[in-house]
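Letter by letter, the chains look like this.
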Amino acid sequence: MDLFEPPAKRFSREQFLAECGQKLHDTVTELELVELRASAACLEALPLVPVPGRPTIWGLLLFGECGLYFYYAPDENAFSLMVRQAAHQKLPPEQIVPLHTLHSLLFSRPQKRWFDFLSGERKRVLNASFKDKDGIARNFSFLCTHHAEPVLRKIQRCLRPET
């Protein structure tokens with residue numbers, strides 16, 4: 001085997017978007033890699049089941065023609081693989097949350113603070129809130145890999161399509 005030989009199956013972005021579109025019964029047009037930060041109660045209300053021992057969830061925001069989705073495909077390192085196999089547990093399945101179906105879903109940018117210059121993270125953060133089935137307000141945030149302003153505009157277009 002040649003070290004520079006390309007992998008047997010290479011998955012293109014277009015193929016991935018098409019596969020996601022088939023699973024969602026929607027046409028996925030764009031995606032954004034994000035880190036979801038939420039409390040355990042909020043994750044339960046979404047509903048998402050994170051990998052145990054991880055405080056955050058990395059996933060994809062999928063922008064569809066009919067809705068907005070959070071896609072989480074669990075991953076693991078060598079150590080967690082050994083622990084999971086020793087405990088005879090299965091890898092958690094991929095999870096897709098249709099965010100557009102959440103009641104009173106609102107996205108916003110965090111307020112500016114005087115010490116924001118110390119960290120560049122604020123310009124990549126989006127805050128979100130929704131009401132769960134019991135009417136309790138839940139909050140979470142996304143840390144985007146790109147600036148949050150363009151992502152927020154995409155979300156707003158996705159949640160309020162032009163008529």
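Above this text is the structure in question.
Residues numbered from 1 in each chain as written. Predicted model: local features only at pLDDT ≥ 70, side-chain atom pairs only at ≥ 80, totals over all residues. Heavy atoms only, no water.

(A) Quick look at the packing of aromatic side chains. This model, assessed by the stated rule, comprises five aromatic pairs. Judged by centre distance (6.3 Å) and plane angle (15°), the ring pair of Phe 107 and Phe 142 falls under stacked. Here Phe 107, found in strand β5 (residues 103–108), pairs with Phe 142, found in strand β7 (residues 137–144); they are 35 residues apart in sequence, far enough to count as distant. As far as the burial class goes, Phe 107 and Phe 142 line up, both buried. Here the aromatic residues Phe 70, Phe 107, Phe 130, Phe 140 and Phe 142 are joined through ring pairs into a cluster of three or more. (Phe/Tyr/Trp six-rings, centres within 6.5 Å; stacked < 30°, edge-to-face > 60°. Helix = DSSP H or I, 4+ residues; strand = E, 2+ residues; numbered from the N terminus. Buried < 20%, exposed > 50% of the residue type's maximum accessible area, 1.4 Å probe, protein only.)

(B) Focus on the pattern of salt bridges. In the structure shown here, the tally under the stated rule is six salt bridges. Where Lys 23 meets Glu 19, a salt bridge forms, and the shortest distance between an N and an O atom there is 3.4 Å. Of this pair, Lys 23 and Glu 19 both sit in helix α1 (residues 13–24), four residues apart, which is roughly one turn of the helix. Take Lys 23: its relative accessible area is 36%, and that puts it in the partly exposed class. One salt bridge connects Glu 35 with Arg 37, and the closest N-O pair in it is separated by 3.2 Å. (Salt bridge = Lys/Arg side-chain N within 4 Å of Asp/Glu carboxyl O.)

(C) Up close: α1. In a regular helix each residue adds 1.5 Å, so twelve residues correspond to 16 Å; α1 covers 16 Å between its end C-alpha atoms and thus fits that length. Those residues of α1 not exposed but buried are Phe 16, Leu 17, Cys 20, Gly 21 and Leu 24. Projection of α1 onto a plane perpendicular to its axis shows the buried side chains occupying an angular sector of 135°, all on one side. Opposite the packed face of α1, turned more than 90 degrees from it, sit the exposed residues Glu 14 and Gln 22. The secondary structure elements touched by the buried residues of α1 are β1 (28–38), β2 (56–64), β3 (68–72) and β4 (95–98). Once α1 ends, the next one or two residues include His 25, with phi positive near 60°. (Expected span 1.5 Å × (residues − 1). Arc of directions from axis to C-beta. Contact = heavy atoms within 4.5 Å.)

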